[in-house]
Amino acid sequence: MGAKKLVSLRVNGVRHSHEVEPRLLLVHYLREVLGLTGTHVGCETSICGACTVMLNGMAVKSCTVLAVQAEGGELLTIEGLASEGALHPVQEGFWECHGLQCGYCTPGMILTVYQLLRRRPDPTEEEIRRGLEGNLCRCTGYQHIIDAVRYAARKMRVATPARLGVSSEMRPRKIRHARK
């Protein structure tokens, strides 16, 4: 066991500092230390994309990044994408267009799409497919995911940047909780 290292970073706008093993992967830091389980552990080889998060504005596969490498960084996880109880347009697109089935790949897909739409606000179908290449889905066949990206792109093009692309006149639906 090596000496622990102090890691200090912002996750979803909140500053965190912890001493961690130098070999701790970022995905395990998020899930086990911070309790943010929306980031999924899939293949652990960077092939599936289920662990995708935004690190300093770039989509990265958190199974390939050590927590200590994120020192001083800014992270956005699926838990931080919704704003004030409202789904982000990308999340709303996946909901409205049935872009998910089992949901395992969904957090990584959503953050990958988030980055894609920040770079290409009006992507072609080919650009969408190319943008999703590092994310695998075993359930949907991808067409509903592509539809979800188009939905989100339309909403984000008319949005203000102040709320991660959510305009006041096009507020997304509130997150609904299942009744028991």
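Quick note: structure is the one above.
Since this is a predicted model, take the numbers as computed values, not measurements.

**Some points on the environment of Phe94**
Phase 1 of the analysis: Its location among the elements puts Phe94 in helix α2 (residues 89-96).
Phase 2 of the analysis: Of the residues examined, Phe94 reaches a relative accessible area of 1% and is grouped as buried.
Phase 3 of the analysis: For the pair Phe94 and His144, spaced 50 residues apart in sequence, the C-alpha separation works out to 7.9 Å.

**Observations concerning the sheet that holds strand β5 (residues 74-76)**
Phase 1 of the analysis: The 5 strands are arranged β2-β1-β5-β3-β4 in an open sheet whose pairing can be described as mixed. Across the chains shown, the open sheet's two edge strands, defined by having one partner strand only, are β2 (14-20) and β4 (58-61). For this sheet, the mean angle separating the axes of adjacent strands, direction not counted, is 40 degrees.
Phase 2 of the analysis: With 4 bridges connecting them, strand β3 (residues 52-55) and β4 associate as antiparallel partners. Bridge pairing in β4 places Leu55 opposite Met58.
Phase 3 of the analysis: Where helix α1 (residues 26-33) meets the sheet, its contacts fall on β1 (5-11), β2, β3 and β5, and the angle it forms with β2 comes to roughly 105 degrees.
Phase 4 of the analysis: Where helix α3 (residues 106-119) meets the sheet, it contacts β3, β4 and β5, and its direction lies at approximately 40 degrees from that of β3.

**Things to note about the pattern of salt bridges**
Note that side chains of opposite charge can pair when their charged atoms are close.
Phase 1 of the analysis: What the rule picks out here adds up to 7 salt bridges.
Phase 2 of the analysis: In this structure, Arg120 engages Glu127 in a salt bridge whose closest nitrogen and oxygen atoms are separated by 2.9 Å.
Phase 3 of the analysis: Arg120 sits in the partly exposed class, given a relative accessible area of 39%.
Phase 4 of the analysis: For Arg150, the salt bridge is made with Glu125, and the minimal N-O distance between the two is 2.9 Å. Highlighted residues: Arg150 in helix α5 (residues 143-157) and Glu125 in helix α4 (residues 125-131), separated in sequence by 25 residues.

**Let's talk about the packing of α3 against α5**
To characterise two packed helices, one gives the angle between the axes of the helices and the distance between these axes.
Phase 1 of the analysis: As a packed pair, α3 and α5 sit with axes 11 Å apart at the nearest point and diverge in direction by 45 degrees. Between α3 and α5, the angle falls in the class oblique. The two elements α3 and α5 meet at a crossing, and its hand is right-handed. Contact with α3, carried on its side by Met109, Val113, Leu116 and Leu117, involves Ile145, Val149, Ala152, Ala153 and Met156 of α5 and no other residues of that element.

**Structural notes on the environment of Val53**
Phase 1 of the analysis: Locating Val53 in the fold gives a position in strand β3.
Phase 2 of the analysis: Separated by 54 residues in the primary sequence, Val53 and Pro107 have C-alpha atoms spaced 8.3 Å apart.
Phase 3 of the analysis: For Val53, the residues in contact, after removing those within four places along its chain, are Leu26, Leu30, Thr39, Met58, Ala59, Val60, Ser62, Leu75, Leu76, Thr77 and Leu111.

**Digging into unusual backbone geometry**
Phase 1 of the analysis: Backbone geometry places Asn12, a non-glycine residue, at a positive phi of 55 degrees.
Phase 2 of the analysis: With a relative accessible area of 25%, Asn12 lands in the partly exposed category.
Phase 3 of the analysis: The residue Glu84 is not glycine, and still its phi comes out positive at about 55 degrees.
Phase 4 of the analysis: By the secondary structure assignment, Glu84 is in the loop between β5 and α2.

Rules behind the numbers
Residues numbered from 1 in each chain as written. Predicted model: local features only at pLDDT ≥ 70, side-chain atom pairs only at ≥ 80, totals over all residues. Heavy atoms only, no water. Helix = DSSP H or I, 4+ residues; strand = E, 2+ residues; numbered from the N terminus. Buried < 20%, exposed > 50% of the residue type's maximum accessible area, 1.4 Å probe, protein only. Pairing = 2+ DSSP bridges. Axes fitted to C-alpha atoms, helices over the stretch in contact; angles between N-to-C directions. Contact = heavy atoms within 4.5 Å. Salt bridge = Lys/Arg side-chain N within 4 Å of Asp/Glu carboxyl O. Parallel < 35°, antiparallel > 145°, perpendicular 65-115°, else oblique. Left-handed = near helix turned anticlockwise from the far one by under 90°.

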